[in-house]
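# Residue-level structural notes
As a plain string of letters, each chain reads:
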Amino acid sequence: MFQPNDGSSSLGSSSRCLREGKSTVSTDWWPASLAHIPRQDPWGDDDIVVAEITSFEDGSETGERMTISSLVPIPKLNALSKNFASLNFEVSTSGPRPSPSSVPYKPWFRVETHGDLSDQYEPLVLAWDSHNHTAFVPDPGFLMTYGLMPRPETDGGTHWDDLTGPVRGVVRVSKPSVYEFPNSSPASVTISKPYLQDYLSLRRMALVQSFWERRRSSPDDELEARLGDKTIVDLDTPGRRMRLFRPAGKPHTVTIEASGGRVVAMPGPFPISNAVSQAEGLTWPGIDGVVTHARAMSMSMEYVYVDDCILGDYEGRPEYRISPEIGAVGFGTQWSVGHCDRIGRDLIRVEIKKLYGGAPRAVIKRWHECAVRPPADTSYAANQRTQNIAKRAKALTYGLITLGERLAALSRTLNLRHLSADKFVTPRRRDLDYKGWWTFGDAEMIARNAPKNMTRDVFLERRLAIAKLLIEGLTERSLRATLHAAGASEQEIKDLRSLKLLDSIVRLCQVAHAAGLRFAPGDPTIWHRLATDGTTPEQPLQYLFALNDMRQLKAHRSEPAKFTSCLQRFDIDETETVAGHGLVLDRVYDRLITELDRINETIDAAVNQ
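Calculation notes
- Residues numbered from 1 in each chain as written.
- Predicted model: local features only at pLDDT ≥ 70, side-chain atom pairs only at ≥ 80, totals over all residues.
- Heavy atoms only, no water.
- Salt bridge = Lys/Arg side-chain N within 4 Å of Asp/Glu carboxyl O.
- Helix = DSSP H or I, 4+ residues; strand = E, 2+ residues; numbered from the N terminus.
- Buried < 20%, exposed > 50% of the residue type's maximum accessible area, 1.4 Å probe, protein only.
- Arc of directions from axis to C-beta.
- Contact = heavy atoms within 4.5 Å.
- Pairing = 2+ DSSP bridges.
- Domains from an automatic or database assignment.
- Buried area = accessible area lost by both parts, 1.4 Å probe.
- Polar contact = N/O pair within 3.5 Å; in protein donor to acceptor, adjacent residues only side chain to side chain.
- Nonpolar A, V, L, I, M, F, W, Y, C, P; charged D, E, K, R; others polar.
- 1 Å grid on protein atoms, 1.4 Å probe; cavity = no way out; pocket = protein on both sides within 12 Å on 5 of 7 lines; lining within 4 Å.
- Points joined across faces, edges and corners; volume = space filled by probe spheres on them.
- Patch = residues over 30% accessible without salt bridge, like charges linked within 9 Å, V, L, I, M, F, W, Y side chains within 5 Å.
- Areas by Shrake-Rupley, 256 points an atom, 1.4 Å probe, with all protein chains shown as cover.
- Axes fitted to C-alpha atoms, helices over the stretch in contact; angles between N-to-C directions.
- Parallel < 35°, antiparallel > 145°, perpendicular 65-115°, else oblique.
- Left-handed = near helix turned anticlockwise from the far one by under 90°.

Further remarks concern the pattern of salt bridges. One side chain can pair with another of opposite charge once the charged atoms of both are near each other. Applying the stated criterion to the full structure yields 38 salt bridges. Here R226 and E222 are joined by a salt bridge, their closest N and O atoms 3.7 Å apart. Linking R226 with E222, this pair stays in helix α4 (residues 221-227), spanning four residues, or about one helical turn. With a closest N to O distance of 3.0 Å, D308 and R342 form a salt bridge. Linking D308 in the loop between β20 (303-307) and β21 (321-323) with R342 in strand β24 (residues 340-343), this pair joins segments that are 34 residues apart in sequence.

If you want it as structure tokens, here you go:
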């Protein structure tokens, strides 16, 4: 692993472990530069650092720290606690790259002690070197115990998630550390405290952390007194080892190295694996008293209400299946929250018996965190009439499907019978009806929950998803063929893209219906009438064009005037976004739904007059 840069003057295992026979002191004295070590509380955070390599600046010098964690059987803990100075701070391994021999090779990892207490313990994090790289790998036994799944991060690290929760980042592993004199790039492994506590309890092991740290400082009076005229002094106690030395050629610097260990945590409760998963009970708004698992199982047709922000835990993650129309969620065959209904704009109503009977403890607790009081109007029919984001997304998706069908009907009047609905728009009605409309590409994105306090960035991302569905879902080739068959020359429409081609078709239909003209293959009459007389409205795709223009705003955050202008094109004043962009997004959906309906009616009227 990581090699300190002062060679033989260091404390390590092999070259660095302190050997027996060094001078000792009677107290656990710590110099100022290392005084933080006995005050540290590794168990004090929500995510516990179980392995670490780090460097830090000590003025013009570089300090280093290494930490590793072991699982120690309780019967061995007493002897180790009396002699932490013997504990190694590295993981010993059988490799890398062992030499062939007559004995079959068996890889192993362990954390060792030396001297009078010669023993070895199970590392919680495996580690090895290759050239100047050091890799940390969480113990596969721990990962397997909780069914954790890896998720790569953009910075080169890996996070391990408990998908059943879902609990993200139970284990967080950085990319490998790289040593380039005089620094090592940082590397670490952290584990969520409840999972680590649970694992210690399951294994009946203590978590012991060993460390090595080097710091440099100017020689104060106490350091000078302990060094005297010596270059190196070892100050060892049973609890830690320490070396003071003056680096060659640096008379005004004292380097201090220390190694040792501490008990971080003991077996105890089972916060993850507790078999009585709902024993402590939960108090739900609208239900008197505590609801335990036993009580929930005796309840019939009683409901709790949860803010639909809970769906944000699962949206965009393929391992979960979501039914946005009712707010149900499932994870494979392992668990589900079903028997749900979307109520009003922002709520999910769920039968509490089915919730407790179908979901694990962590899921129930998470839904409980989003619980709200029942709405004042408890009439199911009245609440069902209220539009929520799923209803709006469904209307947009099927509005696009209907557009494809109307365009196909128009193309048949022009003898373009090969142009079916799915040649104009990407999704097909039968696929969405069979698989669920929300399973198609960008339809899933536009169906995600839309909190009222939605940020501008999320709002713009959602607008981009709508544009991808409605605009990028149009097939330019088929639109162009339809216009050409309706009398437009190739030269006249060669520079038009999909949205402007669709706009021209809709305006043609407006002219045809207003004048009582019928489409005929290759007949330019309606096209010429459009060119000379125009039509009303002049731009029937008003909101689709505004949506298309807003796609560019993600790259123009510093130009608020453009954002304001785009909102105004949807008849929205920017002051309406002060409390968030969620309700503004509702109005964008509604404007586009209305426009799609009007476009479809226009095409249908022209075809069937």
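You can see D45 is positioned in the segment before β1 (47-58). A C-alpha to C-alpha distance of 7.7 Å links D45 and K193, two positions 148 residues apart in sequence.

The next thing to look at is helix α16 (residues 525-533). What α16 keeps buried is the set I526, W527 and L530. One face of α16 carries all of its buried residues, which in axial projection span an arc of 105°. Of the exposed residues in α16, those oriented more than 90 degrees away from the buried face are A531, T532 and D533. Lining the buried residues of α16 we find α13 (476-485), α14 (490-493) and α15 (498-515).

In space, the four strands of this open sheet follow the order β6-β7-β11-β12, with antiparallel pairing throughout. The sheet is open, and its two borders are formed by β6 (125-130) and β12 (183-184), each paired with just one other strand. Judged from the two bridges that link them, strand β11 (residues 177-180) and β12 form a sheet pairing that is antiparallel. Residue Y179 lies in a different strand from β12, and its bridge partner there is S184.

This brings us to the domain arrangement of the chain. Structurally, the chain comprises domain 1 (39-96 + 106-265), domain 2 (282-385) and domain 3 (389-608). At the interface, seven residues of domain 1 touch 11 residues of domain 2. Here domain 1 packs against domain 2, burying approximately 650 Å² in sum over the two surfaces, 57% of which is carbon and sulfur. A per-residue breakdown of the area domain 1 buries against domain 2 is headed by L163, T164 and P166, which together make up 71% of the total. Taken together, domain 1 and domain 2 are joined by zero salt bridges. Scanning the region where domain 1 abuts domain 2 turns up two residue pairs in polar contact (both at pLDDT 80 or more). Residue classes in the side of domain 1 that touches domain 2 are distributed as two nonpolar, two polar and three charged.

Turning our eyes to something else, we now look at the layout of surface pockets. The calculated volume of the largest pocket comes to roughly 560 Å³. Forming the walls of the largest pocket are 20 residues, and the residues nearest its centre are D162, V167, Y195, I272 and A362. Of the residues in the lining of the largest pocket, the class split is nine nonpolar, six polar and five charged. Both domains that furnish three or more residues to the lining of the largest pocket are identified here as domain 1 (39-96 + 106-265) and domain 2 (282-385).

Pairing in this open sheet of four strands is antiparallel, and the strands run β24-β25-β20-β26 from one edge to the other. The open sheet terminates on both sides in strands that have one partner only, identified here as β24 and β26 (371-372).

Quick look at a nonpolar patch on the surface now. Nonpolar side chains collect at one region of the surface, where I74, V263 and M266 lie side by side and expose about 200 Å² of accessible area between them. Locating M266 in the fold gives a position in the loop between β17 (254-265) and β18 (282-283).

Where helix α12 (residues 456-470) meets helix α17 (residues 542-550), the axes come as close as 9 Å, and the angle between the chain directions of the two elements is 125°. Looking at the two axes, α12 sits oblique to α17. Handedness of the α12/α17 crossing: left-handed. Contacts between α12 and α17 involve F459, L460, R463, I466, A467 and L470 from the former and L544, L547 and M550 from the latter. Across the contact of α12 with α17, the residue classes break down as eight nonpolar, no polar and one charged.

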